[in-house]
Amino acid sequence: MSTTGSTATELYCPKCPERYGLDRIINLCTCGSPLLVDYNYDKAAGLIGPEVLSRRTGSMWKYVELLPVQHEGNIVTLSEGDTPLLRSKTIGPSLNLLNLYFKDESVNPTGSFKARGMSAAVSRAKELGIEKLIAPTAGNAGSALAAYAARAGLKSHIIMPRETPKPFMVDCVYHGATMELVEGSIKHCGELAAKKVNSEGWFSMATLKEPYRIEGKKTMGYEIAEQLDWKLPDVIIYPTGGGTGLIGMWKAFAEMEKLGWVTGKKPKMVSVQSEGCAPIVRAFEQGKTEADLWENPQTIAAGLRVPGAIGDFLILQAVRESGGLAVTVTEKELVDDTRELAAREGIFSAPEGGAVVATVKKLLASGFIEPNDTVIAFITGSGYKYLDTLEAALRGPGS
Ligand SMILES: Cc1ncc(COP(=O)(O)O)c(C=O)c1O
Ligand SMILES: [Zn+2]
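Source: prediction; values computed, not measured.

A. Up close: the overall build of the protein chain. What the protein chain contains, in helices and strands, is 14 helices and 13 strands. Over its C-alpha trace the protein chain gives a radius of gyration of 19 Å, about what one expects of a compact globule, namely 21 Å for 399 residues. C-alpha extents for the protein chain along the principal axes are approximately 55 × 50 × 40 Å. By the burial criterion, 56% of the 399 residues in the protein chain qualify as buried. In the protein chain, 71% of the contacts between residues at least 6 apart in sequence involve partners at least 24 apart.

B. View of the environment of Pro161. Within the secondary structure, Pro161 sits in strand 7 (residues 155–161). As for Pro161 and Val76, which are separated by 85 residues in sequence, their C-alpha atoms are 27 Å apart. Contact partners of Pro161, with chain neighbours within four places excluded, come to Val182, Gly184, Ser185, Ile186 and Cys189.

C. Examining the sheet that holds strand 5 (residues 99–104) more closely. A sheet is described by the order of its strands in space; here six strands give the open sequence 4-5-13-10-11-12, paired in mixed fashion. The open sheet terminates on both sides in strands that have one partner only, identified here as strand 4 (85–87) and strand 12 (325–329). On average, each strand axis in the sheet is tilted by 25 degrees relative to the strand beside it, whichever way the strands run. With three bridges joining them, strand 10 (residues 235–239) and strand 13 (residues 374–379) adopt parallel strand pairing. Residue pairing in the sheet places Val235 in a bridge with Val375 of strand 13.

Criteria and cut-off values
Residues numbered from 1 in each chain as written. Chains lettered and ligands numbered in written order. Predicted model: local features only at pLDDT ≥ 70, side-chain atom pairs only at ≥ 80, totals over all residues. Helix = DSSP H or I, 4+ residues; strand = E, 2+ residues; numbered from the N terminus. Rg over C-alpha atoms; globule rule 2.2 N^0.38 Å. Buried ≥ 20, exposed ≤ 12 C-beta atoms within 10 Å, placed from the backbone. Contact = placed C-beta atoms within 7 Å. Pairing = 2+ DSSP bridges. Axes fitted to C-alpha atoms, helices over the stretch in contact; angles between N-to-C directions.

Right, dumping it as structure tokens:
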């Protein structure tokens, strides 16, 4: 099997000095922290850079030297990534914000940015000979795991809250996953998944308990740099649940700095949550380095209904280091702006995207965003998976 040219070297712990070989089948560090992938950046810089990348086309696998998969035959892909960066035609100009862009992740396989993470993680699972993959999910990660496991010929088991929008359940079943519905939030799903890891030998693909999903997600950071001609934006607005996308992009910016691909100030990272479930915002405002569990999480943006994230300290660190913010929006704001995004820009987004647009307006009004800033609003998923939710929202709150 031919090698990919990956320059990955080891897994390292962001909390303690521990390091692990890439051939280890592992979830968390012995200290309980998520693990991250290290690379030989000098070697990578000799293999790829802006010039080489400009001649490559296709999926996120164009950055293969900075991804963890060792052998080409193990890459499990449905052509994820390489998504459009759309300049705002109406919303930005109407706010006098001329450099507002939407990174449209809804066009990924299975309808969200989760495809990137699962493509990387399932590829590594295949490479390590793991056969049974389990994940708790708010919806999109489950769809993606089921699809990529199907593509790889591996088994998947998906555990989601009973109130998850139906399309997420239907596509998991079509992809041949086994499924369980649980009363409560993704936290309860995670507890059941952990039991099944112990009792039935599944491997956990849970957000940040698995070290490679974040590597797929970080390609969003490389891509926006490349799409902006290797100039990083001033502000990135990102809807945060488990936080892999935000942490992954922050890792990508540090990597690109080491590689010499970008210079200057890194983007301010803004983490958005709903008022009904905002553990990261609360911790940010209280000056804490970790977030307390949010009791009774409520929001129609299912991906944001994450009461506690194992990578909380990494999200808060990225937001603070970048000079960013963590902010909430109301349920009304996120619904109204999902509609505005569709009606005025032609982008039919998951409600998480509406939360991002509402945040753009808030931060412009507060002066945090300046009119000549380049701002990237992340549209993380498609509205088509949320048709029932969005239809009910047309009838007004609580319907
Ligand atoms: C559409 C959408 N946006 C945002 C998120 C939150 O993503 P993350 O876990 O990377 O914070 C999710 C998670 O399920 C999602 O489905
Ligand atoms: Zn550790």
